[in-house]
Amino acid sequence: PAHLPGWTSLTGSRVSIIKGEYIRRSIIKRRRMPISASGLRKVVYVETRQGQSLPRVLKKANQQGTILAGMSAGALCWFDWAASDYAWTGRSLPLRCLGLIKGSCATHWRGERNRRADYIRLIKEGLLPSGYGIDDGAAVLFENGSFAEVVSSKPGASASRIERSGTTVKES
């Protein structure tokens, strides 16, 4: 969005800083708001120059019916929590997100070496709440904060619900 007035791209990222009331209003008016796959921590903590936080702007857009979407980190950001390799260690760590969808999420479910095992372990240890593991090429649709369906653009791509009950974790 660097071509839009008031947007500045963060170094090495496709996530942008919102600058000014014009951009805030344009997000609120949009019917869809995709978030790119890079810079999850930047999306969650970016502030506008007027002190209106990006998370607050996105929450207001959501309340007004804007469709919020994203792939990879752009899918994680809508949940309360995520299992993310934001530290680039090859291992997933808990990360607090925007909180528009209850629970947690892990993307690249079967696409990254440790992602599935890390996510299940984090839920089992109580470091993350129950949530969804999403394959590359799949998406989980929520309507009014509730799970609606899994959709896929790749054959075999899907999502799993990971549920903690006591000391056991069930994948379905």
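Asks: Explain the pairing of strand E12 (residues 168-171) to me, please; I cannot follow it from the model alone.
Replies: Each regular strand displays side chains that alternate between the two surfaces of the sheet. Bridge count for strand E11 (residues 159-165) against E12 is four bridges, and the pairing is antiparallel. Considered in E12, the bridge of Arg164 is made with Val169. Hairpin connection, E11 to E12: the antiparallel pair is bridged by two residues, and Gly166 has positive phi, about 65 degrees.

Asks: Whenever I open this one, the side chain of Asp118 confuses me. Can you help?
Replies: Within the secondary structure, Asp118 is located in helix H5 (residues 115-124). Among the polar contacts listed, one links the side chain of Asp118 to the side chain of Arg91, at a separation of 2.4 Å. There is a polar contact of 2.8 Å between the side chain of Asp118 and the backbone nitrogen of Ser92. Excluding its chain neighbours within four sequence positions, the residues that come into contact with Asp118 are Gly90, Arg91 and Ser92.

Asks: Got a minute to help me understand the confidence of the model for the chain in this structure?
Replies: Atom-level detail of predicted coordinates should not be read off regions where pLDDT is low. Residues of the chain with pLDDT of at least 70 account for 69%, and the chain-wide mean is 75. With pLDDT under 50 throughout, residues 1-23 is counted as low confidence; its partners more than four residues away or in other chains account for 48 contacts. In this model residues 41-50 is a low-confidence stretch, pLDDT under 50, and it forms 30 contacts with partners more than four residues away in sequence or in other chains.

Asks: Sorry, what's going on with the sheet that holds strand E8 (residues 131-134) here?
Replies: The pairing of strands in a sheet comes from backbone hydrogen bonds and takes either a parallel or an antiparallel form. The sheet built from six strands is open, its strands ordered E6-E5-E7-E8-E11-E12 with mixed pairing. The open sheet is flanked by strand E6 (93-96) and E12, the only strands paired with a single partner. The sheet shows a mean angle of 25 degrees between the axes of neighbouring strands, taken without regard to direction. Sitting on the sheet, H5 is in contact with strand E5 (79-84), E6, strand E7 (101-107), E8, E11 and E12, with an inclination near 150 degrees to E7.

Thresholds applied
Residues numbered from 1 in each chain as written. Predicted model: local features only at pLDDT ≥ 70, side-chain atom pairs only at ≥ 80, totals over all residues. Heavy atoms only, no water. Pairing = 2+ DSSP bridges. Helix = DSSP H or I, 4+ residues; strand = E, 2+ residues; numbered from the N terminus. Polar contact = N/O pair within 3.5 Å; in protein donor to acceptor, adjacent residues only side chain to side chain. Contact = heavy atoms within 4.5 Å. pLDDT = per-residue confidence, 0-100. Axes fitted to C-alpha atoms, helices over the stretch in contact; angles between N-to-C directions.

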